[in-house]
Amino acid sequence: MSPAHAYTVDPKRLEGVTDQPLFKAAGRVADRMGVRAFAIGGHVRDLLLGRPCKDIDIVCEGDGIAFAEAVAKELDAGPVHVFKNFGTAMFTLRQAQGDMEQIEFVGARKESYSRNSRKPEVAPGTISDDQQRRDFTINALAISLNAPDRGQLVDPFNGVEDLRKGIIRTPLGPDVTFSDDPLRMLRAIRFATQLGFFIDVPTFEAIQRNAERLDIISAERIHTELNKIILAPVPSVGFKLLLNSGLLVRFFPEMVDLLGAEEKAGIGHKDNFYHTIQVLDNVAAHSDDLWLRWAAVLHDIAKPRTKRFEPGRGWTFHGHEDKGARMVPGIFRRLKLPLDEKMKFVQKLVALHLRPIALTKEEVTDSAVRRLLFDAGEAIDALMILCKADITSKNEAKKKRYLANYAVVMQKLREVEEKDRVRNFQPPITGEDIMRAFNITPCKAIGDIKTVIKDAILDGKIHNDRQQAWQLMVEEGRKLGLTLSPGMEGPTKA
Ligand code: ATP
Ligand code: MG
């Protein structure tokens, strides 16, 4: 059977790895201290797969903190950051290419969990105890660093075989592994999505059985894994697994609500869950921006709440873009995602996602295009990527028409932006100008005049230029009963 994933596993890639200064130094120190030490986990996995990897984990049978300090000293590196509570320590090293890498040290341990407590009892253990408490066989691989068997792979659970076949499988019985730390269920799906691996059937069935246990995991740990799924090359793979495992509903029920296609009077609508993840894949093919990808996830999130069957019209989802934008903060807050300008960006894209295509319904006027540019601002490129990704129709004729419309809007956007520069709209007349021209202090009239000028520019009544805007300001001020100060008939220097 040839593997479904895109990696070739080559043990030759491990050759010479332990000759690297870090591993050599760690080996020397370990020999001197009389402890066994190993490179372990994700780094070893990624070496075998030929994948880039930023951080390195080293485990020793003994005191991991003391070992870290001795290795740092040996390398003249540091400072060493110690995390006493976790029994771990780390320092950073500059690689040959100049990048910094993080080296994390831990003492080998065995953990036992009791059903009533989430905190494991941790006791010092051997390398094989330590490998058993790892999440997956492919993450439990270790390379010996001590002189006698330096470079030797320690693979008690056939992790290399699973890497070759592209299989995610727990080292112990999956129910034990998942109930000890339910986050591992999410990690299984994350690795399957990132690597294009298959989750072994007993492992997947255990996820389905234990899905509820995810409720004890913090939102931060959940969103870290979720973001990695969203950033994967084909994120829909992860969302299907999240859905089918029963994990998605535990932390993102709004998304599960998108599932299903209702039919009435012979008229159906598309399944918005599968549509959404298709849009996400389409966006992923064009952008690695996490927040643009989040906008894809959320663009139709309010469809279930706005869905109506209107006789004669069929299914409608009026206002789902605005309602969806209003749902964003609640979802971000619950998942403890940032509530800053990143969230605002996602909200903006959700709110505007229908606008570019709506433009093509009638003749595309310059002023409608200017309005769109003004409302989207810096987010216009992202919005257009989302908008194109949203064209998922299976009807080829329809799809062709939408794509043609999309091209028309893109062309118009370019023309109008070149002419009127509204993307980063800076009003040609400031509040200061208005106050000086009419010798007034801050008041409502200033805002009103600015709005009239902005609308006139967006509607194409005047150009985005100071001379014309000044004239309009003078006229508007007069209408409002303001008196122009002497010498203010024409624009002063901006
Ligand atoms: P990446 O760095 O790409 O996220 P990784 O496998 O290196 O992947 P880390 O979170 O860096 O993941 O963890 C390093 C190693 O620690 C893993 O390879 C695994 O052996 C172990 N590990 C991490 N989290 C868990 C967990 N929740 N349960 C068991 N073992 C874990
Ligand atoms: Mg790692």
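Our subject is the structure that appears above.
Everything quoted here is computed from the prediction, not taken from an experiment.

Novice: Talk me through the environment of Leu22; I want residue IDs and the actual numbers.
Specialist: Assignment of secondary structure puts Leu22 in helix H1 (residues 21-33). For Leu22, a relative accessible area of 4% gives the class buried. In the structure, Leu22 is positioned 74 residues away from Ala96 in sequence and 12 Å away in space, judged by C-alpha atoms. Residue contacts for Leu22: discarding those within four places in its chain leaves Ile56, Ile58, Val71, Leu75, Leu93 and Ile103.

Novice: Which residues make up the side chain of Glu321, and what are the values?
Specialist: With respect to the element layout, Glu321 can be found in helix H16 (residues 320-334). Of the buried charged residues, Glu321 lacks a salt bridge, with Arg355 as the closest side chain of opposite charge at 8.6 Å. Setting aside residues up to four positions removed in sequence, Glu321 forms contacts with Val350, Ala351, His353 and Leu354.

Novice: How would you sum up the pattern of salt bridges? Please name residues and give values.
Specialist: As enumerated under the stated definition, the model contains 32 salt bridges in all. For Arg187, the salt bridge goes to Glu225, with nearest N and O atoms at 3.8 Å. Of this pair, Arg187 sits in helix H7 (residues 183-195) while Glu225 sits in helix H9 (residues 219-230), and the two are 38 residues apart along the sequence. Look at Arg187 and you get partly exposed, because its relative accessible area is 23%. Among the residues examined, Glu225 registers a relative accessible area of 4% and is labelled buried.

Novice: How would you summarise the packing of helix H10 (residues 236-245) against helix H13 (residues 272-284) if you had to cite specific residues and measurements?
Specialist: When two helices pack together, their arrangement is given by the angle between their axes and by how far apart the axes lie. Remark: H10 packs on H13, axes separated minimally by 9 Å, with the N-to-C direction vectors making an angle of 150°. Judged by the angle between their axes, H10 and H13 are roughly antiparallel. Contacts from Ser236, Phe239, Lys240 and Leu243 in H10 reach Phe273, Tyr274, Ile277, Leu280 and Asp281 in H13.

Novice: How would you summarise the environment of Leu14 if you had to cite specific residues and measurements?
Specialist: In this fold, Leu14 is placed in the segment before H1. Sequence-wise, Leu14 and Ile230 are 216 residues apart; in three dimensions their C-alpha atoms are separated by 30 Å. Contact partners of Leu14, with chain neighbours within four places excluded, come to Leu47, Leu48, Ile143 and Leu153.

Rules used throughout
- Residues numbered from 1 in each chain as written.
- Chains lettered and ligands numbered in written order.
- Predicted model: local features only at pLDDT ≥ 70, side-chain atom pairs only at ≥ 80, totals over all residues.
- Heavy atoms only, no water.
- Helix = DSSP H or I, 4+ residues; strand = E, 2+ residues; numbered from the N terminus.
- Buried < 20%, exposed > 50% of the residue type's maximum accessible area, 1.4 Å probe, protein only.
- Contact = heavy atoms within 4.5 Å.
- Lys, Arg positive; Asp, Glu negative; His and termini not counted.
- Salt bridge = Lys/Arg side-chain N within 4 Å of Asp/Glu carboxyl O.
- Axes fitted to C-alpha atoms, helices over the stretch in contact; angles between N-to-C directions.
- Parallel < 35°, antiparallel > 145°, perpendicular 65-115°, else oblique.

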